[in-house]
Amino acid sequence: MKKHLLSILGFSSIAISAMMFTSCKSDADSSGFEYMPDMYRSPAIEAYVDYGEIRGRQNTELKSKLTALTPPKNTIPYIFGKDSTQVKLMLPYFRKPNVAFRETHGLFGFDVTTSDEYLAASNDKNPYVLSAKNSEEILKKGKELFTAMCQHCHGEKGDGNGPMVTSGAYVGVPNYATLTNLSDGQIFYSIYYGKGMMGAHGSLLNKKEIWTLVHYVRQFQNKDYGKFDASGKPVASMAADSTKMKP
Ligand code: HEC
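Residues numbered from 1 in each chain as written. Predicted model: local features only at pLDDT ≥ 70, side-chain atom pairs only at ≥ 80, totals over all residues. Heavy atoms only, no water.

Asker: Tell me what's going on with the nonpolar core, and back it up with residues and numbers.
Answerer: Grouped together as the largest cluster of nonpolar side chains are 31 residues, with contacts concentrated most on Y93, F146, F188, Y189, I191, Y193 and L213. Only α6 (135-149), α9 (184-193) and α10 (207-221) provide two or more residues apiece to this core. Of the residues forming this core, the biggest block, seven residues, is contributed by α10. Here L213 is in contact with G142, L145, F146, C150, I191 and L205, once residues within four sequence places are set aside. (Core = buried A, V, L, I, M, F, W, Y, C linked by side-chain atoms within 4.5 Å. Buried < 20%, exposed > 50% of the residue type's maximum accessible area, 1.4 Å probe, protein only. Helix = DSSP H or I, 4+ residues; strand = E, 2+ residues; numbered from the N terminus. Contact = heavy atoms within 4.5 Å.)

This is the structure we're talking about:
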């Protein structure tokens, strides 16, 4: 009886160690021997799994294809965590386009309004506040965005003489220096939904990028905009003169 037990124990310890050794591989990326693959790999299509190669079997048709789908509209990146300013910047823009913009600016599928949201936007503050610390970086990013998206019309100096205008292809681009009575909120609104001959940029730029551009537009109007003195105080006034707000 004892002998019997010993041999069972002996046999099972050999079997267990055999299993343990075969399940380990020196390749750090390998999951080792899989006893029940269906339990590890769900048959449902999951994001970020390359279904083109499973356990060495290749499926060239699927390999390196995107399995992750575009996240739903207005998804907020997880990395922003509890940073409420950043999260707010990712939320949808709450102002509606004017009903007249629907046809002229291709804003189909938008909730439109007949009330003057452009005027209402004059109260909106730039949530992306410049400080001595971040100013240089924000304006640098603004230049990058402006060069790519706006300069061809508005010109490198913001004077409305971009190549689109000087070539004679386009007219009516204003000089930013003459628009000092525009509020930050209105500049945002115009970039987001467009204005007159300018198209909407809301689908091309996120809110953070647009607010960055609002700062960049401002420095064309005041060469001291975004500069801070030694005590960290802004050299130029950061906001437009609200008493002269354009109707
Ligand atoms: C296709 C040419 C074109 C492009 C590209 C363009 N704009 Fe404009 N922009 C215009 C025109 C034209 C106007 C004048 C609109 C009006 O007042 O009728 C204008 C007006 C503006 C105004 C004044 C808005 C107001 O409320 O009076 C701002 C600010 C502005 N653009 C910023 C930008 C920024 C920033 C970009 C880049 C994201 C940009 N524009 C891209 C042509 C353009």
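Asker: Account for the pattern of salt bridges, naming residues and giving values.
Answerer: For the structure on display, the rule yields five salt bridges. Here D124 makes a salt bridge to R95, at a shortest N to O gap of 2.8 Å. With D124 in the loop between α5 (117-120) and α6 and R95 in the loop between α3 (84-90) and α4 (101-104), this pair connects stretches of sequence that are 29 residues apart. In this pair, the class of D124 matches that of R95, namely buried. (Salt bridge = Lys/Arg side-chain N within 4 Å of Asp/Glu carboxyl O.)

Asker: Can you tell me about the packing of α6 against α10, naming the residues and giving the values?
Answerer: Orientation of α6 relative to α10, taken along the N-to-C sense of each, is 95 degrees, at an axis distance of 8 Å. Considering their axes alone, α6 and α10 lie roughly perpendicular with respect to each other. Counted together, I138, L139, K141, G142, K143, L145 and F146 of α6 and E209, T212, L213, H215, Y216, Q219 and F220 of α10 form the full contact between these two elements. Considered class by class, the residues forming the contact of α6 with α10 number seven nonpolar, four polar and three charged. (Axes fitted to C-alpha atoms, helices over the stretch in contact; angles between N-to-C directions. Parallel < 35°, antiparallel > 145°, perpendicular 65-115°, else oblique. Nonpolar A, V, L, I, M, F, W, Y, C, P; charged D, E, K, R; others polar.)

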